[in-house]
Amino acid sequence: MGDFFVSGTNSNNNDPVNPSVLQNNTSPTVIDVVATKTQIININPTSQLPIKLVGGANFATWKAQIQKVMNDFDLMGYLDGSITPPPHTIKQGTQDVVNPDFKIWFQKDNLIGDALMASVDSTIAPSVASAETSKEAWDYLHTTHTNRSQTRIYSLRDALAKVQRDQKSITGYLREIRTITDELDVLGALISNEESIMKILSGLAPEYEALSTVIRSRDSPISYEELAHKLTDHELYLKQAE
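Since this is a predicted model, take the numbers as computed values, not measurements. (Residues numbered from 1 in each chain as written. Predicted model: local features only at pLDDT ≥ 70, side-chain atom pairs only at ≥ 80, totals over all residues. Heavy atoms only, no water.)

(A) Up close: the overall build of the protein chain. Across its full length, the protein chain holds 11 helices and 2 strands. Each helix (α) and strand (β) of the protein chain, taken in turn from the N terminus, gives the series α-α-α-α-β-β-α-α-α-α-α-α-α. For the protein chain, the proportion of its 242 residues judged to be buried stands at 40%. Long-range contacts, defined here as pairs at least 24 residues apart, represent 64% of the contacts in the protein chain between residues at least 6 apart. On the protein chain, roughly 13,400 Å² of surface is accessible, and the fraction owed to carbon and sulfur atoms is 52%. (Helix = DSSP H or I, 4+ residues; strand = E, 2+ residues; numbered from the N terminus. Buried < 20%, exposed > 50% of the residue type's maximum accessible area, 1.4 Å probe, protein only. Contact = heavy atoms within 4.5 Å. Areas by Shrake-Rupley, 256 points an atom, 1.4 Å probe, with all protein chains shown as cover.)

(B) Spotlight on the packing of aromatic side chains. Counted according to the given criterion, the structure contains 5 aromatic pairs. Taken together through their ring pairs, the aromatic side chains of Tyr78, Phe102, Trp105 and Phe106 make up a single cluster. Positioned above the aromatic ring of Tyr224, the side-chain terminus of Arg178 is 4.2 Å from the ring centre. (Phe/Tyr/Trp six-rings, centres within 6.5 Å; stacked < 30°, edge-to-face > 60°. Lys NZ or Arg CZ within 6 Å of the ring centre and 35° of its normal.)

(C) A look at the packing of helix α9 (residues 193-202) against helix α10 (residues 209-216). Look at α9 against α10: their axes get within 10 Å of each other, and the N-to-C directions meet at 160 degrees. What the angle tells us is that α9 and α10 run roughly antiparallel. Between α9 and α10 lies a crossing whose hand is left-handed. Mapping the contact onto sequence places Met198, Leu201 and Ser202 in α9 and Ser212, Ile215 and Arg216 in α10. The residue makeup of the contact of α9 with α10, split by class, is 3 nonpolar, 2 polar and 1 charged. (Axes fitted to C-alpha atoms, helices over the stretch in contact; angles between N-to-C directions. Parallel < 35°, antiparallel > 145°, perpendicular 65-115°, else oblique. Left-handed = near helix turned anticlockwise from the far one by under 90°. Nonpolar A, V, L, I, M, F, W, Y, C, P; charged D, E, K, R; others polar.)

(D) Spatial organisation of the pairing of strand β1 (residues 89-92). Bridge count between β1 and strand β2 (residues 95-98): 4 bridges; the pairing is antiparallel. Looking at β2, one finds that Thr89 is bridged to Val98. What sits between the antiparallel neighbours β1 and β2 is a turn of 2 residues, in which Gly93 has the positive phi angle 70 degrees. (Pairing = 2+ DSSP bridges.)

(E) Summary view of the confidence of the model for the protein chain. Scored by pLDDT, the protein chain comes out at a mean of 84, with 83% of its residues at no less than 70. Per-element confidence in the protein chain is highest for helix α4 (residues 76-80), whose mean pLDDT is 96, and lowest for helix α1 (residues 29-37), whose mean pLDDT is 36. Of the regions scoring below 50 in pLDDT, residues 6-36 engages in 63 contacts with residues more than four places distant in sequence or in other chains. (pLDDT = per-residue confidence, 0-100.)

This is how it looks when you write it as structure tokens:
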């Protein structure tokens, strides 16, 4: 799917209800308001929404991606409900005419719905397509996949508890732990620096025990970066001593 655009349009059709049609009126009021209030919005799913929602396992990451893009365009209110639809029509003299504010809202809401549909797996897309508004689609995805995200958190915490250095390099060992803790952070299950440091130290081999003891006895906590530096230096020392 390509880029999605929203911009002001001009039409000579008469329809006081259909938001895709503007009233045929010699007065510039309706069309000019649309033209001056509407910004062109360009969302490219390929480059801006590369992560497709496939289920609960990647829901938190996908959600963070959507929120970032929506916040970039100041559109998050359409999903969280803080931007509500204005009245469909307004009075212009004795006539009901399409409300230009509703037309803009409707166009943007459809744009967001298209973006959501383009960023989910084909098995999920029909549920998004059947939603009447982008908020309805967002709420459905949230309700459906949040509980599965909690299951993912339990699984990741269990995996983290089982990580040991074994025969891995220090770099590989730290990367494995960092990958898990980063995903937990995205899921909202933040692992503190102290907890991360203790996990790293507890999974080391006996030849790192002296260094581990020194680090544990420090008055001030060590940062992840400093610990990684000390461990790689010690790994190099052990290799040279062989």
